[in-house]
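This is what each chain is made of:
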Amino acid sequence: MSMLTPPGMGGKYRVTGTAYPRMSRKRSRRRIVLAVLGSVLALALVGYGALQLIGVFRGDGPKRNTAAGAKDCPTKSPEAAAKGGAPAAATASAPAKPAVVLPQPGTITVNVYNATPRAGLAKAVGDELAKRGFLIGTVGNAPADFDKKVPGTGILLGSPTTDKAVFAVLGTQLAGTTQQTDTRETADVDLILGDAFKELSTKEDADKALALLANPAPAPVKNC
């Protein structure tokens with residue numbers, strides 16, 4: 001037995017020549033695999049962190065919706081959110097607008113002038129407007145400034161101070177008229193019939209148009 005061999009140990013642990021016994025265990029394969037996986041995971045985390053840091057310095061971030069016409073929906077106020085209420089602007093429809101006070105046909109004096117070659121047109125239109133409650137003033141051929149010079153349906157002519165509602169109420173009786181003013185100081189309005197005029201709107205259609213003027217529909221509200 002060699003002098004290098006500890007007492008009581010022989011066999012494969014005996015030291016012979018330059019060979020020394022190996023006292024350590026063999027490394028487990030599982031530990032090697034876990035170590036490799038841990039290294040790979042650590043490298044992945046380092047790489048991901050580096051990409052995020054680069055994105056911060058480049059100004060990249062969550063993109064907001066900046067498409068043309070896109071609008072943010074109103075958010076709840078803290079009080080409404082606490083109570084579970086929805087924002088007022090997100091309701092299905094807006095409250096109805098109050099009724100508009102329009103001048104009555106009986107308060108509007110209309111002068112009916114015929115600027116077309118059709119004989120008797122001014123009288124026929126004046127008679128029908130009278131049946132619908134309008135006050136009829138002068139009836140006859142159009143002045144020289146307008147005679148045979150109105151290609152459209154007609155012209156509503158009043159003073160600069162004439163209420164726009166007067167034009168609107170009279171305009172419900174025939175579609176396509178234009179509005180003009182002159183130097184008169186009276187409250188009467190001229191209806192000058194043009195070449196495109198065929199007939200007045202039906203009374204039913206005129207009444208519906210008046211109702212819409214008096215009670216405008218509420219504007220649609222965006223639902224979020």
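Everything discussed here concerns the structure shown above.
First things first, this report covers the structure right here in the doc. Given the structure is predicted, the values throughout are model-derived calculations rather than measurements. (Residues numbered from 1 in each chain as written. Predicted model: local features only at pLDDT ≥ 70, side-chain atom pairs only at ≥ 80, totals over all residues. Heavy atoms only, no water.)

**Points about the pairing of strand β5 (residues 189–193)**
With respect to burial, β5 is a largely interior element, 5 of its 5 residues being buried. A two-sided burial pattern is seen for β5, the buried positions comprising V189, L191 and L193 on one face and D190 and I192 on the other. With 5 bridges connecting them, strand β1 (residues 109–114) and β5 associate as parallel partners. Looking at β5, one finds that V112 is bridged to L191. Where strand β3 (residues 154–158) lies against β5, 4 bridges are found, and the strand directions are antiparallel. In the strand pairing of β5, I155 is matched with I192. (Buried < 20%, exposed > 50% of the residue type's maximum accessible area, 1.4 Å probe, protein only. Helix = DSSP H or I, 4+ residues; strand = E, 2+ residues; numbered from the N terminus. Pairing = 2+ DSSP bridges.)

**Here's the deal with the nonpolar core**
If you look at the biggest cluster of nonpolar residues, it comprises 23 residues, and the most contacted ones within it are V110, V125, L129, L191 and L193. At the level of elements, β1, α3 (121–131), α4 (164–171), β5 and α5 (203–214) are the ones that each hand at least two residues to this core. With 5 residues, α4 is the largest single contributor of residues to this core. Filtering out sequence-adjacent residues up to four positions away, V125 remains in contact with V112, L191, L193, F197 and L200. With 8 residues, the next largest nonpolar core counts Y113, A142, F146 and I192 among its residues. (Core = buried A, V, L, I, M, F, W, Y, C linked by side-chain atoms within 4.5 Å. Contact = heavy atoms within 4.5 Å.)

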